[in-house]
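# Structural features, examined
Residues per chain are reported as follows:
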Amino acid sequence: MNRVIAPFGRRAATVSARDEHGSYTVIRCHDRGGPTPRAGQFYMLTAAERWGGGAGERPFLPRAFSVLRADAGELQFLIEDVGPGTRRLCELHPDDGLLLVGPLGNGFAPPRGGRAPVLVGGGVGIAPLAIWQDELAGEATALLGFRDERHAAGAGLLKRASVATDDGSVGHHGLVTELLEDELDARAEDVEVYACGPPPMLEAVRELSSDHKVPVQLALESGMACGFGACFGCVVPTSDGYVRLCVDGPVLDAAELADASSVGSLAGAELRGVDRN
Ligand code: FES
């Protein structure tokens, strides 16, 4: 298996910079001595201070984030403030401490049979596609969907992106899967799709790609408590039985899934409802 293995234990890193991109914050940190991650792998993140003790003691679990970029020992993570954990991470500033475990999981595999990669991202799910586009030497077409103009500022993190917004404020007025359908109608036999985003988007990508007989790799999301296979909070059903997304994914071949919209809806639901975001 082509996976970069995380060293044992949690490492202390230092935030080196933060950038704002509309609704998103990019946190950069120096992970000296940590291995270089592959595109699609993820880290479990915890702020070194003021983690826990809020309403209901939240946040108390670390949060899983795909790596956005990795360059010369500096990691980047794309974060949207949607809950107590992400809010605390968005508050980090240079010289603050960040505790991390990673890189974890399996990343993207190269396109099969010389196919051209097409990247499809929704919202904060664009993160693993940015580092994958870097690894592909910027050759991949990117189709990105966002809620509105403020969120669409995240599109600047990828090259040559075609954008769709729900409210029509930027790019195509509609769903990013409508852009994908045009792409597949034009050249289905030549492409492989890589997608990350909300479950309904992933299910639409899976269905479209299946209809067009196009291979697709999906980077899936799930509430994760441990990140390394111990808690079984991230299991999802596949054609080969249940798998743990943190060790068997988070990238899965869509052909293994009957329905991507149901991912993350089984075991771990209570955990996700309590301390996920
Ligand atoms: Fe614990 Fe996957 S997050 S087993």
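Once a new chain begins, its residue numbering starts again from 1 and follows that chain's sequence as written. Under the rules for a predicted model, residues below a pLDDT of 70 receive no local features and side-chain atom pairs below 80 are neither given nor counted, while totals for whole chains, interfaces and linings still include all residues. For side-chain calculations, the full set of non-hydrogen atoms in the structure is used, while hydrogens and water are omitted.

Looking along a regular strand, one sees the side chains alternate between the two faces of the sheet. Should DSSP find at least two bridges between two strands, the strands are taken to pair. Under the scheme used here, helices are H or I runs from DSSP no shorter than 4 residues and strands are E runs no shorter than 2 residues, and both carry numbers assigned from the N terminus. In this sheet, strand β4 (residues 63-71) lies alongside strand β3 (residues 42-47) in antiparallel orientation, the contact comprising four bridges. Its bridge partner lying in β4, F42 is registered against S66. Here β4 runs beside strand β5 (residues 74-80); their pairing, made up of four bridges, is antiparallel. Note on β5: the bridge partner recorded for D71 is E74.

All right, on to the environment of I126 then. You can see I126 is positioned in the loop between β7 (116-122) and α2 (127-135). A 1.4 Å probe rolled over the protein chains alone gives each residue an accessible area, and that area as a share of the maximum for its type sets the label: buried under 20%, exposed over 50%, partly exposed in between. Take I126: its relative accessible area is 0%, and that puts it in the buried class. The criterion used for residue contact is that any of the two residues' heavy atoms lie within 4.5 Å. Contact partners of I126, with chain neighbours within four places excluded, come to L78, G121, L144, F146, G154, L157 and L158.

Centre distance within 6.5 Å is the pairing criterion for rings of Phe, Tyr and Trp, where only the six-membered ring of Trp is used; planes under 30 degrees apart are then read as stacked, over 60 as edge-to-face, and the remainder as tilted. Enumeration according to the criterion identifies five aromatic pairs in this entry. Measuring from ring centre to ring centre gives 5.4 Å for Y43 and F77, while their planes differ by 75°; the resulting arrangement is edge-to-face. Taken together, the residues span a long stretch of sequence, with Y43 in strand β3 and F77 in strand β5 at a distance of 34 residues. With respect to burial, Y43 and F77 carry one shared label: buried. Grouping aromatic residues by their ring pairs yields a cluster made of F108, W132 and Y194.

With that out of the way, let us pick up helix α4 (residues 176-187). An ideal rise of 1.5 Å per residue puts 16 Å on 12 residues; α4 measures up with 17 Å between its terminal C-alpha atoms. Within α4, burial applies to V176, T177, L179, L180, E183 and L184. Angularly, the buried residues of α4 cover 150° about the axis, an arc narrow enough to put them on a single face. Across from the buried face of α4, at angles greater than 90 degrees, the exposed residues are D182, D185 and A186. In this structure, the buried residues of α4 make contact with β7, β8 (141-146), β9 (161-165), β10 (172-173), β11 (191-196) and α5 (199-211). To estimate the expected span of a helix, subtract one from its residue number and multiply by 1.5 Å. The arc in question is formed by the directions pointing from the helix axis toward the C-beta atoms.

This part covers the domain arrangement of the protein chain. How big an interface is tends to be reported as the loss of accessible area on association of its parts. One can read the domain layout of the protein chain as domain 1 (11-104) and domain 2 (112-262). Summarising the inter-unit geometry, the C-alpha centres of domain 1 and domain 2 are found 22 Å apart. With 22 residues of domain 1 in contact, the opposing surface of domain 2 contributes 25 residues. Buried surface at the junction of domain 1 and domain 2, summed over both partners, amounts to about 2100 Å²; 63% is from carbon and sulfur atoms. Note on definitions: salt bridges are taken to be side-chain nitrogens of Lys or Arg within 4 Å of carboxyl oxygens of Asp or Glu. The interface formed by domain 1 and domain 2 includes one salt bridge. For this analysis, a polar contact is any N or O atom pair within 3.5 Å, provided that within protein one partner can donate a hydrogen and the other can accept it, and provided that sequence-adjacent residues contribute only side-chain to side-chain pairs. Applying the counting criterion to the domain 1 and domain 2 interface returns eight residue pairs in polar contact (both at pLDDT 80 or more). Secondary-structure elements contributing two or more residues to the side of domain 1 that touches domain 2 are β2 (24-30), β3, β4 and β5. Take the side of domain 1 that touches domain 2: its biggest share by element is six residues, from β4. These domain boundaries are the output of an automatic or database domain assignment. The buried area of a pairing is the accessible area, by a 1.4 Å probe, that goes missing from both parts when the two are put together, added over both.

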